[in-house]
Amino acid sequence: MSRWRSFILLLAAICLAAPEGAEAKNHRGGGGMGGGGNMKKDVMGGKKKGNADAASVNPMDPSASRAIHERTGLIETGLKPVYPDTAVCLEVKSPFASPTRFDGSERVQWAYHGYHNGFDISAPIGTPLIAIADGEVIHRYTGGQLVGHQIFIRHAPEDTGLPVWVYSKYKHFNKLPDLGVGQRVKMGQFLGPSGDSGTAGGHFPTGYPHLHLSVYTSTSAEYESAENTITPKDVQQVDPVVLFLNKNPPVTNSHAARDLPDADKNVVIAYKTAAGKAVPDSARIIWPVACTPK
Ligand SMILES: [Zn+2]
C-alpha cells in the first residue's frame, strides 16, 4: 500500500513539474541558445524567475558569474556622452558598469556583482520617455524591486543602420506603457511616463525617479521569452552610449568601445526636441528623453 502511495505521489510530482518544462519551449526562433557556450534552455525561459538558479550561465541573469558578465560586455568602456551646446538634455547620472549610484553610494553586490547593467538618467516623475529608434515592442512586465514597470524593444538592423539587432530595456515607468507586444514604434515615439516604480526600498526608502536604460546587441533576431525578461540569443550587454558612436565600421559592443583610443571616447549624442525635430536630422538613434533647445 505504501509503495502505491509513493508511486502516486511521484506521478503527482511529475505532473506538477510538467508545465514548467513545457514553458521552456516558449521561445522564439528555435535553435536554442547556441554560440554562447553551453547555455541551457531550462536556465532561461523555463523559470518564472530566471535569477533563482545559482549556477546560471545566462549573461542577463544578475546572479551569473562575473566572468560571464565580463565576457558578454558588462565592463566600463570609458565612453562619455557629450551633450549638445544648443540644447538642455537630461544627463546620465550613473553610467554603464558603474559600481556606484547617482549619489555615489555603492550598488548591491547580489545584482551583477555590483556593476550597473545600464545607465541611469534622473528624471522627474512624468517625463515623457521616447523610443531611441524604430523597433518592435517584444516584452512588457511589472516586477518588484530593481524592476518596476519595464518594456523591451527590439530594433532591427534596418531600423538603426547598425549591423546587429539592438534590444533596449526601459525600466521604472510610472505606469506600464499602453503598447502591446508586437507593436511597432517609431524613433522618438512616446512610450510612457518616467517614474520610480521598482526603486523604493533598500537604499531609497521612498524611491528614486529615473530612467534605467539597458542595451543589448546580438547578431540574431532570436530571443527567449520568460515572464519577467527576454534573453536574446548570443547576447552582448552594451554601454548604451555605444549607440551614439557613429564609427565606420560600426562599434556594437562594449569591448570594442573600451579598446577605442581615448580621443574617440567623448561621444556627441543625437537627440530629438520636444517639437519632434531630430538633431542631427540624419539620426536614426536618439536620446531616450527629448532635449530642450537653449
Ligand atoms: Zn540603473
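Check the entry above for the structure.
Keep in mind it's a predicted model, so treat the numbers as computed, not measured.

Draft legend 1. Up close: the pairing of strand 11 (residues 210–218). Taking burial as the measure, the nine residues of strand 11 include nine buried ones, the bulk of the element. Burial of the side chains of strand 11 extends over both faces: His210, His212, Ser214, Tyr216 and Ser218 are buried on one face and Leu211, Leu213, Val215 and Thr217 on the other. Bridge count for strand 8 (residues 165–173) against strand 11 is seven bridges, and the pairing is antiparallel. Considered in strand 11, the bridge of Lys171 is made with His212. Where strand 11 meets strand 14 (residues 236–238), three bridges bridge the pair, whose relative direction is antiparallel. Looking at strand 14, one finds that Val215 is bridged to Val238.

Draft legend 2. Spatial organisation of the coordination of the zinc ion. Taken together, His116 (NE2), Asp120 (OD) and His212 (ND1) make up the full set of protein donors to the zinc ion, lying 2.0 to 2.1 Å away. Sequence positions of the donors to the zinc ion reduce to the motif H-x3-D-x91-H.

Draft legend 3. Representation of the state of the cysteines in the model. Overall, the coordinates contain one disulfide when judged by the stated rule. Between the sulfur atoms of Cys89 and its disulfide partner Cys291 the distance amounts to 2.1 Å. Judged by the sign of its S-S torsion, about 110°, the bond between Cys89 and Cys291 is right-handed. A residue pair is termed long-range when its members are at least 10 positions apart, and Cys89 in the loop between strand 2 (87–88) and strand 3 (92–94) and Cys291 in the loop between strand 17 (278–279) and strand 18 (292–293) qualify at 202 residues. In this pair, the class of Cys89 matches that of Cys291, namely buried.

Draft legend 4. The arrangement of the nonpolar core in detail. Leu79, Tyr170, Leu191, Leu243, Phe244, Leu245 and Trp287 are the most contacted members of the largest nonpolar core, which totals 47 residues. Mapped by element, the contributors of at least two residues to this core are strand 4 (119–122), strand 5 (128–130), strand 7 (149–155), strand 8 and strand 11. Met60, Ala156, Tyr216 and Ile230 belong to the second-largest nonpolar core, a separate cluster that totals ten residues.

Definitions and limits used
- Residues numbered from 1 in each chain as written.
- Predicted model: local features only at pLDDT ≥ 70, side-chain atom pairs only at ≥ 80, totals over all residues.
- Heavy atoms only, no water.
- Buried < 20%, exposed > 50% of the residue type's maximum accessible area, 1.4 Å probe, protein only.
- Helix = DSSP H or I, 4+ residues; strand = E, 2+ residues; numbered from the N terminus.
- Pairing = 2+ DSSP bridges.
- Donors = N, O, S within 2.8 Å, 3.2 Å for Na, K, Ca; no water.
- Disulfide = S-S within 2.5 Å.
- Core = buried A, V, L, I, M, F, W, Y, C linked by side-chain atoms within 4.5 Å.

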